[in-house]
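# Fold and contact review
Chain by chain, the residues:
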Amino acid sequence: MPASQNGVHVQGYQAVKATKPGKVPDVIVDLRSDTLTQPSKGMREAIANATLGDDVFLEDPTTNEFEARVAKLLGKEAALFVTSGTQGNLISSLVHCNVRGSEMICGDNSHMYKYEQGNVAQFGGIHSCQLPNEPDGTFSIDDLKSHIRTDDIHYPITKLVCVENTHNRCGGRVLPLKWLDELAEVCKQHEISIHMDGARLFNATIASGIPVSRIVRDMSSVSICLSKGLGAPAGSVIVGSKSFIEQARRMRKALGGGIRQNGILTAAGLYILDNMITRLQEDHDNAQLIAKLVNSKVEKLARIDTERLDTNILVLHVTNGCGIVDFCSRLAAVEENEIVTLGKGISVKCFPWSNTSARLVTHFDISKEMAELAAQKICFVAQETARSKTTS
Ligand SMILES: *Cc1c(COP(=O)(O)O)cnc(C)c1O
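Residues numbered from 1 in each chain as written. Predicted model: local features only at pLDDT ≥ 70, side-chain atom pairs only at ≥ 80, totals over all residues. Heavy atoms only, no water.

## Thoughts on unusual backbone geometry
The omega torsion of the bond from Asn-165 to Thr-166 falls at 0°, within 30 degrees of zero and hence cis. Relative to the helices and strands, Thr-166 is located in the loop between strand E5 (157–164) and helix H7 (177–189). Even without being a glycine, Leu-58 presents a positive backbone phi close to 65°. Taking relative accessible area as the criterion, Leu-58 reaches 47% and is therefore assigned partly exposed. Residues other than glycine seldom take positive phi values, yet Glu-191 does so here, at roughly 55°. Structurally, the position occupied by Glu-191 is in the loop between H7 and strand E6 (193–197). (Helix = DSSP H or I, 4+ residues; strand = E, 2+ residues; numbered from the N terminus. Buried < 20%, exposed > 50% of the residue type's maximum accessible area, 1.4 Å probe, protein only.)

## A few points about the nonpolar core
In summary, soluble globular proteins display a tendency toward joint burial of nonpolar side chains. Judged by nonpolar contacts, the single largest core of 54 residues is most densely connected at Val-163, Leu-180, Leu-183 and Leu-201. The contact partners of Val-163, leaving out residues within four places of it in the chain, are Phe-139, Leu-175, Trp-179, Leu-180, Leu-183, Ile-194, His-195, Met-196, Asp-197 and Met-219. (Core = buried A, V, L, I, M, F, W, Y, C linked by side-chain atoms within 4.5 Å. Contact = heavy atoms within 4.5 Å.)

## A word on the pairing of strand E8 (residues 236–240)
Most of E8 is tucked away: five of the five residues are buried. In E8, alternate side chains face the same way, and those of Ser-236, Ile-238 and Gly-240 on one face and Val-237 and Val-239 on the other are all buried. Here strand E2 (residues 78–82) runs beside E8; their pairing, made up of five bridges, is antiparallel. Note that in E8 the partner of Leu-80 across the bridge is Ile-238. Bridge count between strand E7 (residues 221–225) and E8: five bridges; the pairing is antiparallel. Counterpart to Cys-225 in the pairing with E8 is Ser-236. (Pairing = 2+ DSSP bridges.)

## Some details on the pattern of salt bridges
Applying the stated criterion to the full structure yields 25 salt bridges. Arg-217 is paired through a salt bridge with Asp-218; the nearest N and O atoms lie 3.2 Å apart. Classification of Arg-217 by relative accessible area gives partly exposed; the value is 47%. The closest approach of N and O atoms between Arg-330 and Glu-335, which form a salt bridge, is 3.9 Å. One salt-bridge network, in which partners are shared between bridges, spans Arg-330, Glu-335, Glu-338, Lys-377 and Glu-384. (Salt bridge = Lys/Arg side-chain N within 4 Å of Asp/Glu carboxyl O.)

## Describing the packing of helix H1 (residues 41–48) against helix H11 (residues 263–275)
Relative orientation of the contacting elements H1 and H11 amounts to 135°, with a least axis distance of 8 Å. Classified by the angle their axes make, H1 and H11 are oblique. Of the two possible hands of crossing, H1 and H11 adopt the one that is right-handed. Here H1 contributes Gly-42, Met-43, Ala-46 and Ile-47 to the contact with H11, which in turn contributes Ile-264, Ala-267, Ala-268, Tyr-271 and Ile-272. Residues belonging to the contact of H1 with H11 are distributed by class as follows: eight nonpolar, one polar and no charged. (Axes fitted to C-alpha atoms, helices over the stretch in contact; angles between N-to-C directions. Parallel < 35°, antiparallel > 145°, perpendicular 65-115°, else oblique. Left-handed = near helix turned anticlockwise from the far one by under 90°. Nonpolar A, V, L, I, M, F, W, Y, C, P; charged D, E, K, R; others polar.)

## Topic: the side chain of Ser-236
Residue position: Ser-236 is located in strand E8. A polar atom in the side chain of Ser-236 sits 3.4 Å from the backbone oxygen of Ile-224. Not counting residues within four places of it along the chain, the set of residues in contact with Ser-236 comprises Leu-80, Phe-81, Val-82, Thr-83, Ser-84, Gly-85, Ile-224, Cys-225 and Leu-226. (Polar contact = N/O pair within 3.5 Å; in protein donor to acceptor, adjacent residues only side chain to side chain.)

## Structural notes on the domain arrangement of the protein
Taken domain by domain, the protein holds domain 1 (5–30 + 279–387) and domain 2 (41–275). Each of domain 1 and domain 2 has a C-alpha centre, and these two points are 31 Å apart. Counting from both sides, the interface comprises 19 residues of domain 1 and, opposite them, 20 residues of domain 2. Roughly 1,700 Å² is buried in total at the junction of domain 1 and domain 2, and carbon and sulfur atoms are behind 53% of that figure. Sorting the residues of domain 1 by area buried against domain 2 places Leu-280, Arg-308 and Trp-353 first, and these three jointly supply 31% of that buried surface. The interface formed by domain 1 and domain 2 holds one salt bridge in total. For Arg-173, the salt bridge is made with Asp-310, and the minimal N-O distance between the two is 2.9 Å. At the boundary of domain 1 with domain 2, the tally comes to six residue pairs in polar contact (both at pLDDT 80 or more). Where the side of domain 1 that touches domain 2 is concerned, the elements lending two or more residues are helix H12 (280–298) and strand E10 (313–318). (Domains from an automatic or database assignment. Buried area = accessible area lost by both parts, 1.4 Å probe.)

Written out as structure tokens, the structure is:
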């Protein structure tokens, strides 16, 4: 396949599978994604003990409690459990853009634009307009203003603006509150809704110290993933006004997302609210630790941009000349020579992120010790692949 500008078509989310036949690793540090987190013992107990009912009949007490608590936490009228982040974003877009000929505006590096199959067009007939994302996950407000359609028979109708917080492709960046406030002002003037894809919204509140209700104050809707770093086996939740959630509930049913004894899943959600949010700080600390160890040792060969490291997503820039797929494959493989140097076989899994960078995500199942081991392996591979480049 041809290389694209940012490498995403070449590598995207494809795993680096073909590691060289080597040694069986002593430790695997899997940093491919925070979706890998497993339900803890406590969460499994909460699931096992959940009181259940039929949620399509609104009779599942666990789900009702979960939705009420999320709505309250976010300062919104109502909430709705949905099966995934993609479904939450799709349902929200379909509700906000329920007029034929609607257009939504989003960033060109947003998950909704890049990784959701163009579902808003596929299923909703929604036209989308992409504005170039800045490295901090924002886009230019002036650019936005110039793309809001005037009332003209030639144009679609601008109904929705979508933002992403934290911003995945920009490296887990937390959107600045000042920018969100400016954006809200413009959207209010033009009567345009704002949807926040907050797959990792709790990472944003932990990193910034800003209450989650303040971050989403001016959002018409927000979607949050329960299965990203928080340990739930499935599910997301969307919040908004009572009327928005009523329409969303209808839409969810039409899309096949009405789950009967849903308390099995929302019990995990309640467990998250009580136990899993504040601990995200540990993931952020482990990300900083990896960055510090790598930069202090091999900065000229491979480096993590610490000014841009807000949360748990690290972007590792490989500057030693080694191809990114080879670099990631070597990180995952274990060979004899490294066991001599490092004392054990460490396999580090991550995704190529562009032609010269890889994405590494810290999460619940990565301890401080594993973060240190990952850093050791990265340093080792940065040196080894640089050496082999100059000697071959
Ligand atoms: C993962 C993710 C989604 C989609 O969530 P799924 O549950 O995988 O469908 C949406 N937006 C962002 C920013 C994400 O990281």
